Amino acid sequence: MGCTKTISKEGFMILWKILCRITLVLIALLFLASHVSFAAPPPIVIGVPSSFKSIEASEGLKAITLAVEEINAKGGVKVGNEKRMLKVESIETRDMEPGVPLADALLANEKLILEKKPHVIIQGPTRSEVLLAAMDLYAQYKIPSINNAVASKFVDQYKSNPEKYRHCFRMFDGKYVVAGLGKVMEKMNKEYGFKKAYIVVQDAIWAVGIANGMNAWYKANGWEVVGFDKYPTGASDFSSSLIKAKNAGVQVVFPIFDMPQSGILVQQWKDMKVPAIFAGFISPLMGSNAWKTFGEKIEGVINIVFDGGNLPLEKYPPAKKFYDAFTKRWGEMQVGHKPAVDYDGVYAMVRAIERAGSLDPDKIAKELEKTNMVGATGRIHFADHQYVFGDDPKVDAISAVYQWKKGGKRVPIYPDSVAEGVIEKPASMK
Amino acid sequence: MFLSVLVYGFINSVILVMVALGFSITFGISRVANFSHGGFYVLGGIFTWYGLIKMDLPYFLSAILSILIIGALGALMYRVVLVRLKGLELSEVIATLSLGIVILELLRGLGVFGYEFRNPVFIDGSVDILGVGVGIQRIIIVCAGALLLILLHFFVHHTKMGLAFRGVAQQEHTALSVGINPNLVSMLSLAMGSIMCALSAVLILPLGVISVDEGYDILIKALAVCIIGGLESTIGVLVAAFIIGYIEALTSMYISSSLTSVVPLACMLVILLIRPSGIFGKSKEIEERV
């Protein structure tokens, strides 16, 4: 006879309760386990406080975003034993807009620091005097920063108290424009015997600073500077300078402008048939689209790209790689200053964090000082907390100078390490 | 060098006339100082650019459409805002200035910065005038300016609507008594001033790149010309524009180009000190005598 066991109703209820409790405990354990094992560590926040209505700053932010996307796609940043993603938090400081007080721009910086709590800052304020003031803020909150304003006094301020400003670093300095264009002037002197220049400059601190530097260079190198004219932002007639340059038989017109109206200067140069070459910095003529915008009138103009990586240099593959990645992600690059060095800045910062193995600002700053990496702009390393610029991208970061040539091609002519062509006289001089 | 001053001083003076005429016409008829002039100027350029570049419209059509839209905006501004503030001069100024700033900063916020915002010149090339090379676009501006003045003279003196405009400008209540609707005329004067503003933008902006900050510069220039010439006087605008244009050219050539932006403001200050109603201004003449 078989023996059958029957479970009483009470027994069934006890069993059911036990099963329910076990299930609940299992679910709770599962939840805790999943939470512990899969919760991503908080991201590393990169603060970008800048004036994004300035085209340079806006394009720079795109380059920072590109670098962050690339790094995150590869799994993030190794900090000690864990991988952490990067996150960009930007704030509009409006410091390049006319009439915006320095205090307002600083307030925006502080708001970013207090609300978004960035671990590091890249790019920083656009206007030089805002950066100099913000250095105190970054020192107060101990935030490692690699800044990008062309403030001529950055190094002086850093050197005035290296301990206080130990977290502040900077990418570009206006003196490198003078150095780069000085070499181009030497080439023109050697090639064509040019020795007479006319300086036409936007009446802005950064531009006049560079023009003063170039004026000193001309004088030190035996050139004759026939005129030095400053134009207020918004000027739309440059005929007086051009006619004076033409009458004096000037061979080189040296412009430094980033205002939108400065394209008029080049049009008037052609209209007035001034037999001189334009060599300097005119921001509206920088991007590859400038040929479409201004047409053949810009043929022969020589323009300096502050950060060489903003030009697709065939002879320096990292620059071309960055340029191609940028244009693929964002379309046309319109500027010659900020994107490439900002992009390099993110990588320099990330590597410093990885070497430091922590987000401790002092450790990151120490590691940043040791930076030595191949970047889009050349080899990135610091002296006095400032990127070092030179002539060879395998050794230092570089500026690049190009000339607009027939068909709308931007041909690099300096430095020799990346040059793809030689300086040609414009049609008005032939 | 003097010939260059002569040629470019003349061209720059006509550019100032173009920029200030719309502001002056509006004030002369409706007594509204339209401080959104700079906003309308940049908006006129942007609409043309958008039609031409983004919608692939023919240049002429895009320019005409943008001029008409700006004219309609001017009329709408009167109908919706200014008609309620009639007689409250300070409120009118605050309202138009606010609208101008809103337009400009909205454009900036929408991404109108950078170098792609450029309307091409109508005809590329240059000609020699008195041995000085001048771009054809500048010649077109001068011709258009002259034509505009002739048309304006004809309109004001020989058309029914022009006479109505003059009637309201001279004595609003009397005009009303002969069946002229001052509100309608004021609205049309706003539209006409805005059309002139947009027309100047279509003609002048191809010389450079469209930038939001230009709206502020244009407003200051228009204001300077109108205050120096007399706010409601077309002849005053003409004379003041040539005074400023030539002083700017002479300053740039013989003193310092960095002082050119100071010239309109300095001239305005001098005129306000010695003749507050401007060279050809009438409105405060009696008060000044007292």
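Small disclaimer: the values here were computed from a predicted structure and weren't measured.

Parameters and conventions
Residues numbered from 1 in each chain as written. Chains lettered and ligands numbered in written order. Predicted model: local features only at pLDDT ≥ 70, side-chain atom pairs only at ≥ 80, totals over all residues. Heavy atoms only, no water. Helix = DSSP H or I, 4+ residues; strand = E, 2+ residues; numbered from the N terminus. Rg over C-alpha atoms; globule rule 2.2 N^0.38 Å. Buried < 20%, exposed > 50% of the residue type's maximum accessible area, 1.4 Å probe, protein only. Contact = heavy atoms within 4.5 Å. Areas by Shrake-Rupley, 256 points an atom, 1.4 Å probe, with all protein chains shown as cover. Lys, Arg positive; Asp, Glu negative; His and termini not counted. Charge placed at Lys NZ, Arg CZ, Asp CG, Glu CD. Expected span 1.5 Å × (residues − 1). Polar contact = N/O pair within 3.5 Å; in protein donor to acceptor, adjacent residues only side chain to side chain. Buried area = accessible area lost by both parts, 1.4 Å probe. Salt bridge = Lys/Arg side-chain N within 4 Å of Asp/Glu carboxyl O. pLDDT = per-residue confidence, 0-100. Patch = residues over 30% accessible without salt bridge, like charges linked within 9 Å, V, L, I, M, F, W, Y side chains within 5 Å. Phe/Tyr/Trp six-rings, centres within 6.5 Å; stacked < 30°, edge-to-face > 60°. Lys NZ or Arg CZ within 6 Å of the ring centre and 35° of its normal. Core = buried A, V, L, I, M, F, W, Y, C linked by side-chain atoms within 4.5 Å. Axes fitted to C-alpha atoms, helices over the stretch in contact; angles between N-to-C directions. Parallel < 35°, antiparallel > 145°, perpendicular 65-115°, else oblique. Nonpolar A, V, L, I, M, F, W, Y, C, P; charged D, E, K, R; others polar. Pairing = 2+ DSSP bridges.

Overview of the overall build of chain A
- The helix and strand tally for chain A stands at 13 helices and 20 strands.
- The globule rule puts the C-alpha radius of gyration for 430 residues at 22 Å, and the 28 Å found for chain A is more than 25% above it.
- In terms of overall dimensions, chain A has a C-alpha envelope of 125 × 50 × 40 Å along the principal axes.
- Among the 430 residues that make up chain A, the fraction classed as buried is 57%.
- The long-range share in chain A, meaning contacts at least 24 apart out of those at least 6 apart in sequence, stands at 69%.

Here we look at the overall build of chain B
- Each helix and strand in chain B was counted, giving 12 helices and two strands.
- Counted from the first residue to the last, chain B has its helices and strands arranged as α-α-α-α-β-β-α-α-α-α-α-α-α-α.
- Computed over its C-alpha atoms, the radius of gyration of chain B comes to 19 Å, within 12% of the 19 Å expected for a compact globule of 290 residues.
- Across its three principal directions, the C-alpha atoms of chain B cover 55 × 50 × 35 Å.
- A total of 290 residues make up chain B; the buried ones form 54% of that total.
- The contacts in chain B between residues at least 6 apart in sequence include a share of 74% that link residues at least 24 apart.
- Accessible surface for chain B amounts to roughly 12,700 Å². Of this, 73% is attributable to carbon and sulfur atoms.
- Taken as two groups, the 15 positive and 16 negative side-chain charges of chain B have centres that lie 8 Å from each other.

Observations concerning helix 3 (residues 59-80) of chain B
Residue and element names in this part refer to chain B.
- With 22 residues, helix 3 should cover 32 Å at 1.5 Å per step; its first-to-last C-alpha distance of 31 Å lies within 8% of that length.
- Every buried residue of helix 3 is accounted for by Tyr-59, Ser-62, Ala-63, Ser-66, Ile-67, Ile-70, Gly-71, Gly-74, Ala-75, Met-77 and Tyr-78.
- The secondary structure elements touched by the buried residues of helix 3 are helix 2 (37-54), helix 4 (89-109) and helix 8 (182-204).

Digging into helix 10 (residues 234-255) of chain B
- For helix 10 of chain B, spanning 22 residues, the distance from its first C-alpha to its last is 30 Å, which sits close to the expected 32 Å at 1.5 Å a residue.
- Between a side-chain oxygen at the N-terminus of helix 10 of chain B and the backbone nitrogen of Ile-235 of chain B the separation is 3.5 Å; the capping residue is Ser-233 of chain B.

Focus on the interface of chain A and chain B
- Taken together, the 37 residues of chain A in the interface contact 36 residues of chain B.
- Summed over both sides, the interface between chain A and chain B buries roughly 2,900 Å², with carbon and sulfur atoms accounting for 52% of that surface.
- Looking at the side of chain A facing chain B, the largest losses of area belong to Lys-53, Pro-260 and Asp-271 of chain A, adding up to 17% of the total buried there.
- Connecting chain A to chain B are two salt bridges.
- Salt-bridge contacts for Asp-124 of chain B lead to Lys-297 of chain A; the nearest nitrogen and oxygen are separated by 3.2 Å.

Some words on the confidence of the model for chain B
- Looking at chain B as a whole, its pLDDT mean stands at 89, while 97% of the residues score no less than 70.
- Scored as a whole, the predicted complex attains pTM 0.81, and scored at its interfaces, ipTM 0.79.

Details of a nonpolar patch on the surface
- A contiguous nonpolar patch, built from Met-1, Phe-2, Leu-3, Leu-6, Val-127, Ile-129, Leu-130, Leu-250, Tyr-254, Ile-255, Leu-259 and Val-262 of chain B and spanning about 1,100 Å² of accessible area, is present on the exposed surface.
- Mapped by element, the contributors of at least two residues to the nonpolar patch are helix 1 (2-30), strand 1 (126-129) and helix 10 of chain B.

A few points about the packing of aromatic side chains
- Evaluation of the coordinates by the stated rule reveals 27 aromatic pairs over all chains.
- Where Phe-23 of chain B meets Phe-35 of chain B, the ring centres are 6.0 Å apart and the plane angle is 80°; that geometry is what we call edge-to-face. A residue pair is termed long-range when its members are at least 10 positions apart, and Phe-23 of chain B in helix 1 and Phe-35 of chain B in the loop between helix 1 and helix 2 qualify at 12 residues.
- Accessibility expressed as a relative area gives 16% for Phe-35 of chain B, which makes it buried.
- Aromatic side chains Phe-155 of chain B and Phe-165 of chain B sit 5.4 Å apart centroid to centroid with 85° between the ring planes, which places their arrangement in the edge-to-face category. Taken together, the residues Phe-155 of chain B in helix 5 (residues 136-158) and Phe-165 of chain B in helix 6 (residues 160-170) connect sequence positions 10 residues apart. Comparing Phe-155 of chain B with Phe-165 of chain B, the two get one shared label, buried.
- What links up through ring pairs into an aromatic cluster is the set Phe-172, Tyr-176, Trp-206, Phe-281, Phe-306 and Phe-389 of chain A.
- Across from the ring centre of Trp-269 of chain A, 5.0 Å away, lies the NZ or CZ of Lys-270 of chain A, which sits over that ring.

Structural notes on the nonpolar core
- Membership of the largest hydrophobic core comes to 206 residues, with the highest contact counts inside it found for Ile-146, Met-185, Met-188, Tyr-218, Val-252 and Val-346 of chain A.
- The leading source of residues in this core is helix 1 of chain B, at 16 residues.
- Among all residues touching Tyr-218 of chain A, those that are not within four sequence positions of it are Met-185, Ala-197, Ile-199, Trp-223, Val-225, Val-252 and Phe-254 of chain A.
- Of all hydrophobic cores here, the second largest spans 16 residues; its members include Ile-113, Leu-131, Met-135 and Ile-143 of chain A.

Digging into the side chain of Ser-58 of chain A
- Tracing the backbone shows Ser-58 of chain A in helix 2 (residues 55-73).
- Under the relative-accessibility criterion, Ser-58 of chain A is labelled buried at 16%.
- If we skip the residues at most four places from it in the chain, Ser-58 of chain A touches Phe-52 of chain A together with Phe-113 of chain B.

Points about unusual backbone geometry
Residues and elements named next belong to chain A.
- Going from Tyr-414 to Pro-415, the amide bond is cis rather than trans, its omega being -5°.
- Here Arg-94, not a glycine, exhibits a phi torsion of approximately 55°, which is positive.
- Judged by relative accessible area, which is 37%, Arg-94 ranks as partly exposed.

Notes on the packing of helix 6 of chain B against helix 8 of chain B
All names here are of chain B.
- Between helix 6 and helix 8, the shortest axis-to-axis distance is 10 Å and the interhelical angle comes to 110°. The angle between the axes of helix 6 and helix 8 places the two elements in the roughly perpendicular class. Here helix 6 contributes Met-161, Ala-164, Phe-165 and Val-168 to the contact with helix 8, which in turn contributes Pro-182, Val-185, Leu-188, Ser-189 and Met-192.
- Along the lines of polarity and charge, the residues of the contact of helix 6 with helix 8 split into eight nonpolar, one polar and no charged.

Section: the sheet that holds strand 19 (residues 400-405) of chain A
Residue and element names in this part refer to chain A.
- One open sheet accounts for seven strands, arranged 9-8-10-11-12-19-20; its pairing is mixed. Among the strands making up the open sheet, the edge pair consists of strand 9 (224-231) and strand 20 (409-414). Averaged over all neighbouring strand pairs, the angle between strand axes comes to 25°, with direction disregarded.
- Note: strand 10 (residues 252-257) against strand 11 (residues 277-282), four bridges, orientation parallel. Bridged to Ile-256 within strand 11 is Phe-281.
- Packing of helix 6 (residues 175-192) onto the sheet brings it into contact with strand 10, strand 11, strand 12 (302-305), strand 19 and strand 20, and relative to strand 20 it is tilted by some 90°.

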